[in-house]
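Below are the chains, spelled out letter by letter.
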Amino acid sequence: MPIVSGIPAPEFELLDDTSTLRKLSDYRGRHVVLYFYPKDDTPGCTKEACNFRDDYSAYDQAGVVILGVSPDSVRSHVKFKQKFQLQFPLLADEEHKVSERYGVWGPKKFMGKEYVGVLRTTFLIDRDGMVKKVYENVRPAEHSAELLKELLG
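Here the structure is a predicted model, which means the values were calculated and not measured. (Residues numbered from 1 in each chain as written. Predicted model: local features only at pLDDT ≥ 70, side-chain atom pairs only at ≥ 80, totals over all residues. Heavy atoms only, no water.)

(A) Structural context of helix H3 (residues 74–84). Those residues of H3 that sit buried are Val74, His77, Phe80, Lys81 and Phe84. For H3, the buried positions fall inside an angular range of 120° around the axis, keeping them on one side. Turned more than 90 degrees away from the buried face of H3, the exposed residues are Arg75, Lys79, Gln82 and Lys83. On its buried face, H3 is in contact with strand S1 (13–16), helix H1 (43–54), strand S4 (65–70) and strand S5 (90–92). Once H3 ends, the next one or two residues include Gln85, with phi positive near 50°. (Buried < 20%, exposed > 50% of the residue type's maximum accessible area, 1.4 Å probe, protein only. Helix = DSSP H or I, 4+ residues; strand = E, 2+ residues; numbered from the N terminus. Arc of directions from axis to C-beta. Contact = heavy atoms within 4.5 Å.)

Rendered as structure tokens:
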């Protein structure tokens, strides 16, 4: 079943970049920006993460949690987070089970080659754990501003 606005966000447990187990339910009572991205330290993913980093104080002041998810390892997340001084948790979905559960693991094309990977997608989850909005085919350079406009009006 595709994840759409108005349904409960699927629960998950993943290790973050500090090897801490994070559960979606840990964030009840706060809005969550759950963003899925293909790979650490690649141009689009870096742009997206750095825009969240640069706008982090606005999210923090609004009480919004940012969680990044990719199929990279905890070790890869540590390097990526340190290199770009990211303030929010990066979750390791190495077996892509959470990506599959959220419907963001699928066919992609790059330079004429087809493969399977993460479809860049963000889920805005409300304080009650319900999906408020789904952002598909995210444009990394503009996405954080788009989310802040939605969150802050």
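Next comes the rest of the write-up.
(B) Up close: the pattern of salt bridges. Inspection of the entire model under this criterion finds 10 salt bridges. In this structure, Glu48 engages Arg120 in a salt bridge whose closest nitrogen and oxygen atoms are separated by 2.8 Å. With Glu48 in helix H1 and Arg120 in the loop between strand S7 (113–118) and strand S8 (121–125), the pair connects residues that are 72 residues apart, well separated along the chain. Relative accessible area serves as the criterion here: at 1%, Glu48 is assigned to the buried category. Classification of Arg120 as buried rests on a relative accessible area of 17%. (Salt bridge = Lys/Arg side-chain N within 4 Å of Asp/Glu carboxyl O.)

(C) Inspection of the sheet that holds strand S2 (residues 21–23) at higher detail. If you walk across this open sheet you meet the 7 strands as S2-S1-S5-S4-S3-S8-S9, and the pairing is mixed. Lying at the two open borders of the sheet, with one neighbouring strand each, are S2 and strand S9 (131–135). Recorded for the sheet is a direction-independent mean angle of 30° between the axes of neighbouring strands. Sitting on the sheet, H1 touches strand S3 (32–36), S4 and S8, and the angle it makes with S3 is about 165°. (Pairing = 2+ DSSP bridges. Axes fitted to C-alpha atoms, helices over the stretch in contact; angles between N-to-C directions.)

(D) Representation of the pairing of S4 within the structure. Of all 6 residues in S4, 6 are buried, a share of seventy percent or more. Alternating residues of S4 divide into Val65, Leu67 and Val69 and Ile66, Gly68 and Ser70, and every residue in both groups is buried. As judged from the 3 bridges shared by S4 and S5, these two strands associate in the parallel manner. Paired with Gly68 across the bridge in S5 is Leu90. A crossover links S4 with its parallel partner S5, the connecting element being H3, and its sense is right-handed. (Right-handed = clockwise from strand over helix to strand, strands pointing away.)

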